[in-house]
Amino acid sequence: MNRKITIYLLATLLISIFIGTGARKSGCMFTNEKAKSVVSSFTLLSPSDRANSVTLTPTFVWTDFDSEKNYILQIERLNNIDDTPTFSSSLAYENTTIAANVTSFVMSAGKLSLATPYAWRILALNFHTLTNVEPSNRYFKFTTVLNEQQLTSPSSFTLTSPISGTEIRTTTPTFEWSNSVGETSYIFQISESITFIPLVYQDPDIIYDTTSYNGIPDGTLALNKDYYWRVIAHNDVGDTTASNAPFLIKIRGNPPGSFNLYKPDDDSIQYSLIPTLEWTPAGEAQSYTLEIAKTPFPTTPEYTALITPISSTAVVTYTVPAGVLFVRTKYYWRAKATNLAGDTYSTTYFHFTTFEQGIIPDPFDLTTPADNATDVSWRPELKWNDSIGEEYYVVQIDTNSNFTSTPLTFQITINKDTVSYKVPSGRLTPNIKYYWRVLATNSEGGRISGPIPYYWAFTTSNWTDFLSDTVGGEFLKRAYHTAVWTGPTGAGGTEEVIFWGGVGKESEDEPLTYFQAYRGLDR
């Protein structure tokens, strides 16, 4: 190797070692901020890609490129927003001297035109390589405002239809408003809340100069609900809400459908003072009102209760709270289904009587026929006062005051709240003293009618035959007769029979159409 070259290389190496070591030892380091590691990308921010209604003096914003010497802004005019820019020499605007570390630039007036599409980008001149670096998102496009009015917020406008408070019978109504000036689009919003939080539906991009909208998807709005709606005019400068917004609309269907009370059974006894009442659901009901009264409806109820929200089960239930009902009291109850379209009452009302658990029905008395009455019809009508708490009555008649005959002369079970019974034909014998009583019964036991001695007596009439002058076509009077009955086999015997005229004719004064005899059976 050439001696001069060798000496030069050694000298260079020593100087480098000396400078590096000395700098480190003295705590000094000669650096340059632009010698940092190069950040490989940066991005465009605003105006966003394909932004509409951009002002003629927009502010361009981007992120910083750490190793830039300076920035270059380029803007190219496009024939159509879908054109691909070339950023050739025919630029609409270019600024090559935007200082390092600056990340925004305000365009001066007179450089851009109305209603025109543009593409823009920022190039970073690399400090080290002196080459231009593109942003990672390359370029953005935008369109300037359509007219001078769009340089300010949209003008005032009003909602027009449906008028606020209107009831509407559709869930897909058409909404209308007057036109705003300077808007680039409209925003339609609808909500159940006047604050519009939360929104039920929003369309944020209705085309400018549109003044009606019917684009709410079917199923978005519900029947029998109230909604608030408004329209907002928008451009890049700002938003303008309709001056008379919001408007209220009432989506209405039909009142709730018919429904029935279910439990407890009508005319039942309730031993609990906190019974659970049940009814079938009514279609489209939003709430129910339970009504309880001491007299049949219509009347002002003593107790009402609102039931909401609605149960999704097969029946609606409500448990009457303590302190509402009292023992030994008859109550009437019904339910009312309600939605915003109206009310529907249950198809009928039920009633029940409260009673203390373990208590037999209340005392009650016989009234007719009077005790020890005589000449009583062989088909007497027996009467008594109503008890409270009975589930049914048992009427008993016997020739023994102890009612110990087996079987009794006559016995029948009849419905509760029934206070009379007419004994059928042929059950009683003439000129006989009978004892009778009534038992009021429930699941806890029975109570015998009063007064003491808990039964009354009566004696039936001793009726005799008497006919008019001729039997063939006159009148048959009341007749009782002891006659010889000859049966089909010819066997004889004495039987009690009753004569009357014509089938089913029991009146004393009905015409005799033919004469017929029956055994003493129920006819």
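Here, the structure is the one placed above.
The rules we used
Residues numbered from 1 in each chain as written. Predicted model: local features only at pLDDT ≥ 70, side-chain atom pairs only at ≥ 80, totals over all residues. Heavy atoms only, no water. Helix = DSSP H or I, 4+ residues; strand = E, 2+ residues; numbered from the N terminus. Buried < 20%, exposed > 50% of the residue type's maximum accessible area, 1.4 Å probe, protein only. Polar contact = N/O pair within 3.5 Å; in protein donor to acceptor, adjacent residues only side chain to side chain. Contact = heavy atoms within 4.5 Å. Salt bridge = Lys/Arg side-chain N within 4 Å of Asp/Glu carboxyl O. Pairing = 2+ DSSP bridges. Axes fitted to C-alpha atoms, helices over the stretch in contact; angles between N-to-C directions.

Undergrad: Explain the side chain of Thr-240 to me, using residue names and the numbers behind them.
TA: Position of Thr-240 relative to the elements: it lies in strand 17 (residues 239-241). You can call Thr-240 buried: its relative accessible area is 15%. Of note is the side chain of Thr-240, whose polar atom sits 2.6 Å from the backbone oxygen of Pro-154. Other than its neighbours up to four places away in sequence, Thr-240 contacts Ser-153, Pro-154, Ser-155, Ser-156, Phe-157, Val-231, Ile-232 and Ala-233.

Undergrad: Tell me about the environment of Gly-283, and please be specific about residues and values.
TA: Secondary-structure assignment places Gly-283 in the loop between strand 21 (276-279) and strand 22 (287-293). Non-local contacts of Gly-283, meaning those with residues more than four positions away in its chain, are made with Pro-256 and Gly-257.

Undergrad: Explain the pattern of salt bridges to me, and be specific about the residues and the numbers.
TA: By the definition in use, this model includes nine salt bridges. Measuring nitrogen to oxygen at the nearest pair gives 2.8 Å for the salt bridge that ties Arg-50 to Asp-82. Of the two residues, Arg-50 is situated in the loop between strand 1 (44-46) and strand 2 (51-54) and Asp-82 in the loop between strand 4 (68-77) and strand 5 (93-99); the sequence distance between them amounts to 32 residues. Here Asp-82 falls in the exposed class, since its relative accessible area comes to 52%. Several salt bridges converge on common partners, so that one network encompasses Arg-121, Glu-134 and Arg-138.

Undergrad: Before we move on, can you summarise the sheet that holds strand 28 (residues 366-368) with the specific residues and values?
TA: Strand pairing in a sheet relies on backbone hydrogen bonds. The paired strands run either parallel or antiparallel. The strand order across the open sheet built from three strands is 28-30-33, with neighbouring strands paired in antiparallel fashion. The two strands at the open ends of the sheet, each matched to only one other strand, are strand 28 and strand 33 (420-422). Across the sheet, the mean angle from the axis of one strand to that of its neighbour is 25 degrees, orientation sign disregarded. Both strand 28 and strand 30 (residues 381-384) contribute to a ladder of two bridges, which runs antiparallel. In the sheet register, Thr-368 faces strand 30, and the bridge partner there is Lys-383.

Undergrad: Just give me the short version of the sheet that holds strand 12 (residues 175-177), but keep the residues and values in it.
TA: Taken in spatial order, the three strands line up as 10-12-15 in an open sheet, and their pairing is antiparallel. Two strands close off the open sheet at either side, each with one partner strand: strand 10 (159-161) and strand 15 (212-213). With two bridges connecting them, strand 12 and strand 15 associate as antiparallel partners. What sits directly across from Phe-175, in strand 15, is Tyr-213.

Note that every value here comes from positions in space, so none of it alone points to a role or purpose.
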